[in-house]
Amino acid sequence: MAMEEREVLLRPDGRPGGADLRDSFFTSRYQDAVAWARKFAFFQYPFVTACCGMEYMSVTGPRYDTDRFGLTLPRFTPRQSDLLLVVGTITHRQAPILRRVWEQMADPKWVMSFGNCTNTGGPYDNYAVVQGIDTIIPVDIYVPGCPPRPEAVIDGLLKLQERIQRERVNRPVENIHGSVSTTRFASREEVALVPGPVEPHRD
Amino acid sequence: MSDRVAEEGPEGAEAGGAEANPLLRSLKERFGERILAIEAFRGDATAVLAPAALLEVATFLRDEARPAFDMLLDVTAVDFLGRRPRFEIVYHLVSTGDASRVRLKLPVEEETPSVPSLVPVWPGANWLERETFDMYGIRFDGHPDLRRIYLYDEFIGHPLRKDYPKQKRQPLIGPGSQGEAGGQGGGR
């Protein structure tokens, strides 16, 4: 009888483990599991400076509902955030503030550049406006548009999640900037000295 | 300045010219030669005056004119690069009593771009004059706190002057800022 009871717990192919055990765990790789957890639990920091903020409110509101994709609670301190949403025109006067916010975020962290002004300066080719925030901080995903459609923002979010799934802890991943990880970008310079020298990205 | 005489003015100049406007007429009578020109166009009254007369004219418009111009709406400047005098400082006044308006213009030479501050007359002139100083480099004599208002202290020059290079950048951080090796000052 004892032998028979044990046979009930064998799988059909003869390996140990029964139906109840099979339902209680799955196997994965550690790196995959970490990346999966990260990409669906963004703690966003909305750095909203201009009219794109209206579109940001729309896309995070109930109609487009980025909660569905893990873009959830806005945290109004960078120390609790891992996704910096830069939404709107950044002026040179604002630039040191944006950089300090980015420096205050703990790794792992990502940056979404939201809208044409943030990507390139947009139409403002003048004395006041930063010509693309990637001249002062590294950017992981660029969402074009003036302002971007909510669908574009969601598409950018999904593409960012695909990238995060490929990321490996302490190992850089190929991205638009080459193989430089944000971790290395930060470690190459003095921390939290604003204003200070900045290594720009060269595409 | 002959183009400022209302009789030769563009279409839309008021019938009877600026002389028919009672406010402009009273200004002309009271301040005489110090009012350099007057014009009226589609209900907008403008007086061009010498900078030295500004405080007196402003005080008159605030206290004695009827309606009294109790509100300074805007201070700005125009850069006529290549013309003499190069700058024109523009004040827009409004009367909250009957919503009538008057515009004052002050021609200012490039070498001495300064005019009296209107803060003693209208305290609201404070930030408006700071903006005009920031963008055009016009000095306002007697201003209590003449600092830049939009731009940062490190900024050199005044960007709305017509001879400020359009592409010139003065970033605080990033490419072109001080401390950045090989910075071109031109953004990307």
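Quantities reported herein were computed from a predicted structural model and do not represent experimental measurements.

Basis of the calculations
Residues numbered from 1 in each chain as written. Chains lettered and ligands numbered in written order. Predicted model: local features only at pLDDT ≥ 70, side-chain atom pairs only at ≥ 80, totals over all residues. Heavy atoms only, no water. Pairing = 2+ DSSP bridges. Helix = DSSP H or I, 4+ residues; strand = E, 2+ residues; numbered from the N terminus. Axes fitted to C-alpha atoms, helices over the stretch in contact; angles between N-to-C directions. Expected span 1.5 Å × (residues − 1). Buried < 20%, exposed > 50% of the residue type's maximum accessible area, 1.4 Å probe, protein only. Contact = heavy atoms within 4.5 Å. Phe/Tyr/Trp six-rings, centres within 6.5 Å; stacked < 30°, edge-to-face > 60°. Lys NZ or Arg CZ within 6 Å of the ring centre and 35° of its normal. pLDDT = per-residue confidence, 0-100. Parallel < 35°, antiparallel > 145°, perpendicular 65-115°, else oblique. Left-handed = near helix turned anticlockwise from the far one by under 90°. Salt bridge = Lys/Arg side-chain N within 4 Å of Asp/Glu carboxyl O.

Novice: What is the right way to read the sheet that holds strand 1 (residues 42-48) of chain A from this model?
Specialist: Where strands meet in a sheet, backbone hydrogen bonds hold them as pairs that are either parallel or antiparallel. All names here are of chain A. The strand order across the open sheet built from 5 strands is 2-1-3-4-5, with neighbouring strands paired in parallel fashion. Of all strands in the sheet, those with a lone pairing partner are strand 2 (71-74) and strand 5 (141-143), marking the two edges. Shown here is a sheet whose adjacent strand axes are inclined to one another by a mean of 30°, direction ignored. Note: strand 1 against strand 3 (residues 83-87), 5 bridges, orientation parallel. Bridge pairing in strand 3 places P46 opposite L85.

Novice: Where do I start with helix 3 (residues 125-136) of chain B in this structure?
Specialist: In an α-helix, one turn spans 3.6 residues, which is why side chains three or four residues apart end up on the same side. All names here are of chain B. Here helix 3 is 12 residues long and its end C-alpha atoms lie 16 Å apart, about the 16 Å a rise of 1.5 Å per residue gives. Along helix 3, 10 of the 12 residues are buried, which leaves the element largely enclosed by surrounding structure. Within the span of helix 3, buried status applies to A125, N126, L128, E129, R130, T132, F133, D134, M135 and Y136. Buried-residue contacts for helix 3 involve strand 3 (71-79), strand 4 (87-94), strand 6 (114-116) and strand 7 (139-141). Positive backbone phi, approximately 75°, marks G137, located one or two places after helix 3.

Novice: How should I be thinking about the packing of aromatic side chains in this particular structure?
Specialist: Aromatic rings in a pair are described by how distant their centres are and how their planes are angled relative to each other. Considering all chains together, one arrives at 7 aromatic pairs over all chains under this definition. Where Y127 of chain A meets F155 of chain B, the ring centres are 6.2 Å apart and the plane angle is 75°; that geometry is what we call edge-to-face. Of this pair, Y127 of chain A sits in the loop between helix 6 (116-120) and strand 5 while F155 of chain B sits in the segment after strand 7, on two different chains. Relative accessible area serves as the criterion here: at 4%, F155 of chain B is assigned to the buried category. Ring geometry for F31 of chain B and F60 of chain B: centres 5.7 Å apart, planes at 80°, overall edge-to-face. Of the two residues, F31 of chain B sits in helix 1 (residues 22-31) while F60 of chain B sits in helix 2 (residues 54-63), which places them 29 residues apart along the sequence. Summarising the burial analysis for this pair, F31 of chain B and F60 of chain B share the class buried. An aromatic cluster of at least three residues, connected via ring pairs, comprises Y127 of chain A together with Y152, F155 and Y164 of chain B. The ring of W102 of chain A has K109 of chain A lying over it, and the distance from NZ or CZ to the ring centre is 4.0 Å. Positioned over the ring face of F80 of chain B is R83 of chain B, at 4.1 Å from the centre of the ring.

Novice: It is not clear to me how the confidence of the model for chain A should be interpreted in this structure. Could you clarify?
Specialist: Residue and element names in this part refer to chain A. Mean pLDDT over chain A: 78, with 71% of residues reaching 70 or higher. The lowest-confidence element of chain A is helix 8 (residues 182-187), averaging 44 in pLDDT; the highest-confidence one is strand 3, averaging 94. Note that pLDDT drops below 50 for residues 173-199; the model gives that stretch 52 contacts with residues more than four away or on any other chain.

Novice: Looking at this model, I keep getting lost on unusual backbone geometry. Mind explaining?
Specialist: For residues other than glycine, phi is negative in most cases, and the peptide bonds are mostly trans. The linkage connecting C146 of chain A with the following residue, P147 of chain A, adopts the cis geometry, with an omega of -5°. Looking at where P147 of chain A falls in the secondary structure, it is placed in the loop between strand 5 and helix 7 (150-166). Located in the positive-phi region is D65 of chain A, a residue other than glycine, with phi close to 55°. Its location among the elements puts D65 of chain A in the loop between helix 4 (52-60) and strand 2. The phi torsion at A99 of chain B lies on the positive side, around 60°, for a residue other than glycine. Using a relative accessible area of 52% as the deciding quantity, one classes A99 of chain B as exposed.

Novice: When you look at the packing of helix 1 of chain B against helix 2 of chain B in this model, what are you seeing that I'm missing?
Specialist: Between two packed helices, the angle of one axis relative to the other and the distance separating the axes together describe the packing. All names here are of chain B. Across the interface, helix 1 lies against helix 2 with an axial gap of 12 Å and an inter-helix angle of 135°. By the angle between their axes, helix 1 is oblique relative to helix 2. The crossing of helix 1 and helix 2 is right-handed. Here L23, S26, L27, R30 and F31 of helix 1 come into contact with helix 2, specifically with E56, V57, F60 and L61.

Novice: Which parts of the structure should I look at to understand the pattern of salt bridges?
Specialist: Side-chain pairs of opposite charge can arise whenever the charged atoms involved come near each other. Residues and elements named next belong to chain B. A complete count under the given rule lists 20 salt bridges over all chains for this structure. Two residues, E64 and R30, come together in a salt bridge whose shortest N-O distance is 3.2 Å. Of this pair, E64 sits in the loop between helix 2 and strand 3 while R30 sits in helix 1, and the two are 34 residues apart along the sequence. Judged by relative accessible area, which is 46%, R30 ranks as partly exposed. Between R130 and D145 there is a salt bridge whose closest N-O contact spans 3.9 Å. Of this pair, R130 sits in helix 3 while D145 sits in the segment after strand 7, and the two are 15 residues apart along the sequence. Among the charged side chains, a network of salt bridges with common partners joins D79, R86, E110 and D163.

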